[in-house]
Amino acid sequence: MSSRASIIFYYDLISPYTYMGFKVFKQLRQQWPGVDVTLKPVLLGGIMAAVNNKPLFEFPSKRNHMIADLRRTSDLTGIPFRFPVQFPVSTVLAMRVLTVIKIHETDKYENCIDKDEYFMHGRNISQSEVIVTALAPIVGGKVRNMIQLAADPEIKKIFKDNTDEAVAKGAFGAPTLLVKQAGSDQEHLFFGSDRFESIAGFLSIPYPGLASFKSSNSAKL
Amino acid sequence: MTARHSITCYYDVVSPYSYFGVLLLNKLKATHWANVDVELKPFFLHGIMQGSGNQPPATVAAKGKYMFGDLIQVSKVSGLPLKFPSNFPVMTVGAMRLLLAVQRHASDKYIQCIEKDEYWAKDKNISEPEVLIAALAPILGGADKVQQLLKLSTDKEIKQALTNNTNEALEKGAFGAPTFFVKKAGSNKEMMFFGSDRFEVMAALLELPYPGINMSSKL
């Protein structure tokens with residue numbers, strides 16, 4: 001049992017709501033220094049298959065709403081978003097590479113997740129060359145080595161175990177957040193990029209609101 | 001096109017998120033969003049599901065399980081009471097037609113009638129006419145008045161109105177409940193928002209204050 005509050009954030013780069021949720025979460029965390037955060041790579045397709053769920057993009061009306069919904073959140077927060085022309089693509093390689101980076105380049109891990117290749121620039125992140133171009137500025141020449149390591153059985157197993165863990169804890173989609181209050185062993189599941197106000201209430205921490213992001217970002221210029 | 005912002009909310013009382021969505025919207029209207037034209041339109045969620053090819057969340061066991069916990073969290077953080085009913089779901093077409101009849105024939109009592117929590121806080125079976133009568137009699141001035149409206153609610157016209165509202169929402173892209181269509185003042189463009197958790201974004205779009213989910217102590 002930890003005396004600090006904690007959040008495990010399960011993510012897959014394929015998920016538009018996870019992209020937005022990660023960026024919103026990153027902003028909010030600036031005001032949540034007392035919360036321990038773990039970012040765990042998972043395969044959303046694996047979660048869906050395990051619980052018999054279907055991706056929302058298979059329903060035209062849900063898909064249309066999602067795109068409009070994310071554009072509005074983008075307008076409000078200033079977080080860039082453009083729905084990619086090629087959707088979906090396979091993120092297995094990219095997610096395994098991030099699994100490698102989490103272990104071998106831990107201090108650069110979060111910067112590697114926080115890229116806009118797919119949901120702003122529409123680049124095909126299933127391709128290793130796109131991954132190389134995206135991550136080379138952060139991890140340098142080691143990036144090709146990271147891609148090779150991604151094929152290790154050990155890495156594949158860790159990635160699969162993360163996905164199985166998320167399913168075991170009740171996940172059915174992404175982003176999924178597992179939240180523990182300070183001094184408690186109980187994990188509470190929150191699903192979606194739209195539960196941060198609830199999470200803040202649950203942890204008794206401030207929720208400054210999405211509208212504050214733009215002004216706080218321009219204040220930093 | 002109007003000179004005021006407008007929000008149309010399609011809801012079905014079978015839906016827990018409709019319960020929260022309607023209450024939260026009404027609170028916003030009563031406090032910070034007074035100049036927004038709000039219309040609450042009864043529709044038939046089952047018809048929306050069938051028409052859109054969607055399925056209720058509980059069809060996926062993990063989603064259903066999650067929903068129980070999520071509703072408790074929303075209840076806690078919003079201060080709105082919720083006790084998951086022992087019979088879920090129940091047929092609410094009768095209740096929705098009755099609310100349509102109230103909207104037409106006792107419109108000044110409509111909001112009060114929608115906001116009753118017989119199902120979502122008191123575990124009463126709202127597919128039973130006696131439950132509806134007991135719930136609405138204090139508001140509408142007696143069991144007889146409710147009986148009259150119940151009778152009217154079986155008219156072809158009311159049945160058609162529920163179907164029309166449902167089809168209208170479907171045509172505009174609805175796939176669940178609650179579904180909101182928001183129009184900015186001076187614009188014809190309707191923007192669809194799904195779910196009871198989009199008021200913060202709506203507020204920003206309409207340049208209105210968003211006081212946070214916990215509005216119960218803010219009147």
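Everything numeric in this text was worked out from a predicted model, so none of it was measured. All residue numbers refer to position in the chain's written sequence, counted from 1. Labels follow written order: the first chain is A, the first ligand is 1, and so on. Per-residue local features are limited, in this predicted model, to residues with pLDDT of at least 70; the limit for side-chain atom pairs, both in listing and counting, is 80 or more; totals at the level of whole chains, interfaces and linings are taken over all residues. Excluding hydrogens and water, the side-chain values take into account all heavy atoms of the structure.

**Re empty space enclosed by the protein**
- Cavities and pockets were defined on a 1 Å grid built over protein atoms only: a cavity is a set of grid points that admits a 1.4 Å probe from which the probe cannot escape, a pocket is an open set flanked by protein on both sides within 12 Å along at least five of seven lines, and lining residues are those with an atom within 4 Å of any such point. Grid points are joined across faces, edges and corners, and a volume is the space filled by probe spheres set on the points. If you walk through the whole model with that rule in mind, you get three cavities of 30 Å³ or more.
- By volume, the largest cavity is sized at about 380 Å³.
- The wall of the largest cavity is formed by 25 residues, among which A:Asp194, A:Arg195, B:Asp197, B:Arg198 and B:Glu200 lie closest to the centre.
- Under the DSSP-based scheme used, a helix requires at least four consecutive residues in state H or I and a strand at least two consecutive residues in state E, with every element numbered from the N terminus. Of all elements in the fold, only helix H1 (16-29), helix H3 (60-77) and helix H9 (196-203) of chain A together with helix H9 (199-206) of chain B reach the threshold of two or more residues within the lining of the largest cavity.
- Residues that form the lining of the largest cavity fall into these classes: 14 nonpolar, four polar and seven charged. Each residue is assigned to one class: nonpolar for Ala, Val, Leu, Ile, Met, Phe, Trp, Tyr, Cys and Pro, charged for Asp, Glu, Lys and Arg, and polar for all the others, Gly among them.

**Points about the packing of helix H4 (residues 92-104) of chain A against helix H5 (residues 106-113) of chain A**
Residues and elements named next belong to chain A.
- Structural elements are reduced to axes, namely lines fitted to C-alpha atoms, with helices fitted over the stretch in contact, and the angle between N-to-C directions of any two is expressed from 0 to 180 degrees. The interhelical angle for the contact between H4 and H5, taken along N-to-C directions, is 150°, at an axis separation of 6 Å. Judged by the angle between their axes, H4 and H5 are roughly antiparallel. On H5, the residues that touch Leu98, Ile101, Lys102, Ile103 and His104 of H4 are Thr106, Lys108, Tyr109, Cys112 and Ile113. Working rule for angles: under 35 degrees goes down as roughly parallel, over 145 as roughly antiparallel, 65 to 115 as roughly perpendicular, anything else as oblique. Contacts were defined at the residue level, with two residues in contact if any of their heavy atoms lie within 4.5 Å.

**Observations concerning the sheet that holds strand S4 (residues 188-191) of chain A**
All names here are of chain A.
- A sheet is described by the order of its strands in space; here four strands give the open sequence S2-S1-S3-S4, paired in mixed fashion. The open sheet has two edge strands, strand S2 (35-41) and S4, and neither has a second partner. Recorded for the sheet is a direction-independent mean angle of 20° between the axes of neighbouring strands.
- Where strand S3 (residues 176-180) meets S4, four bridges bridge the pair, whose relative direction is antiparallel. Opposite Leu178, over in S4, you have Leu189 as the bridge partner.
- Sheet strands in contact with H1 are strand S1 (5-11) and S2, and its direction is about 155° off that of S1.
- Sheet strands touched by H9: S1, S2, S3 and S4. Its angle to S3, the strand with the most contacts, is close to 10°. Only strands joined by at least two bridges in the DSSP assignment are considered to pair.

**A closer look at the interface of chain A and chain B**
- With 29 residues of chain A at the contact, the number on the chain B side is 26 residues.
- With both chains or domains summed, chain A and chain B bury close to 2,300 Å², and 55% of this area falls on carbon and sulfur atoms.
- In this structure, the salt-bridge partner of B:Asp197 is A:Arg195, at a minimum N-O distance of 2.8 Å.
- Any N or O atom pair separated by 3.5 Å or less is treated as a polar contact, with the protein-specific requirement of one donor-capable and one acceptor-capable atom, and with residues adjacent in sequence counted only for side-chain atom pairs. Where chain A touches chain B, the interface holds twelve residue pairs in polar contact (both at pLDDT 80 or more). The buried area of a pairing is the accessible area, by a 1.4 Å probe, that goes missing from both parts when the two are put together, added over both. The salt bridge criterion pairs a side-chain nitrogen of Lys or Arg with a carboxyl oxygen of Asp or Glu, the two atoms within 4 Å.

**Describing the environment of A:Ala68**
- Structurally, A:Ala68 is set in helix H3.
- Along the backbone, A:Ala68 and A:Gly183 are 115 residues apart, and their C-alpha atoms lie at a distance of 40 Å.

**Topic: the UniProt feature "active site" (unreviewed entry) in chain A**
- UniProt positions are given in the numbering used here, feature names are shortened, and annotations may be inferred rather than shown by experiment. In this numbering, the UniProt entry assigns the feature "active site" (unreviewed entry) to A:Ser15.
- Examined against the element boundaries, A:Ser15 turns out to sit in the loop between S1 and H1.

**Thoughts on the packing of aromatic side chains**
- We call Phe, Tyr and Trp rings a pair once their centres come within 6.5 Å, taking the six-membered ring for Trp, and we label the pair stacked below 30 degrees between planes, edge-to-face above 60, and tilted otherwise. Counted under the stated rule, the structure contains 27 aromatic pairs over all chains.
- An angle of 40° between the planes, with centres 5.8 Å apart, marks the rings of B:Tyr10 and B:Phe43 as tilted. Separated by 33 residues along the polypeptide, B:Tyr10 in strand S1 (residues 6-11) and B:Phe43 in the loop between strand S2 (37-42) and helix H2 (45-52) bring together distant segments of the chain.
- Note on B:Tyr10: relative accessible area 0%, which makes it buried.
- Put simply, the rings of A:Tyr19, A:Phe57, A:Phe81, A:Phe83, A:Phe87, A:Tyr118 and A:Phe119 touch in pairs and so form one group of aromatic residues.
- A ring is considered to have a charge above it if a Lys NZ or an Arg CZ atom is located within 6 Å of its centre and within 35 degrees of its normal. The residue whose ring lies beneath A:Arg29 is A:Phe25, and the NZ or CZ to ring-centre distance is 5.4 Å.
- We note B:Lys172 situated over the ring of B:Phe181; from NZ or CZ to the ring centre the distance is 4.6 Å. Three labels apply to residues, based on accessible area from a 1.4 Å probe with only protein chains included: buried if under 20% of the type maximum, exposed if over 50%, partly exposed otherwise in between.

**Thoughts on the confidence of the model for chain B**
- Confidence scores labelled pLDDT are given residue by residue by the predictor and lie between 0 and 100. In this model, chain B carries an average pLDDT of 96, and 98% of its residues clear a pLDDT of 70 or more.
- Overall fold confidence (pTM) sits at 0.95, and the ipTM for the predicted complex is 0.94.

**A few points about the nonpolar core**
- Counting 124 residues, the largest nonpolar core has A:Ile7, A:Leu135, B:Ile7, B:Tyr11 and B:Trp33 as its most contacted members.
- The contacts of A:Ile7, once residues within four sequence positions are left out, are A:Phe25, A:Trp32, A:Val35, A:Asp36, A:Val37, A:Thr38, A:Leu177, A:Leu178, A:Val179, A:Ile199 and A:Leu203.
- Put simply, a nonpolar core is a bunch of buried Ala, Val, Leu, Ile, Met, Phe, Trp, Tyr and Cys residues held in one set by side-chain atoms that sit within 4.5 Å of each other. Counting residues in hydrophobic clusters, the runner-up holds 13 residues, among them A:Tyr10, A:Ile47, A:Ala166 and A:Ala171.

**What to know about the packing of H1(A) against H3(A)**
Residues and elements named next belong to chain A.
- Where H1 contacts H3, the two axes come as close as 11 Å, and the packing angle between them is 15°. Taken together, the axes of H1 and H3 lie roughly parallel to each other. Read as a crossing pair, H1 and H3 show a hand that is left-handed. Listed contacts from H3 to Pro16, Tyr17 and Met20 of H1 are His65, Met66, Asp69, Leu70, Thr73 and Ser74.
- Of the residues belonging to the contact of H1 with H3, the class tally is five nonpolar, three polar and one charged. What makes a crossing left-handed is the near helix being turned counterclockwise from the far one by less than a right angle; a clockwise turn instead makes it right-handed.

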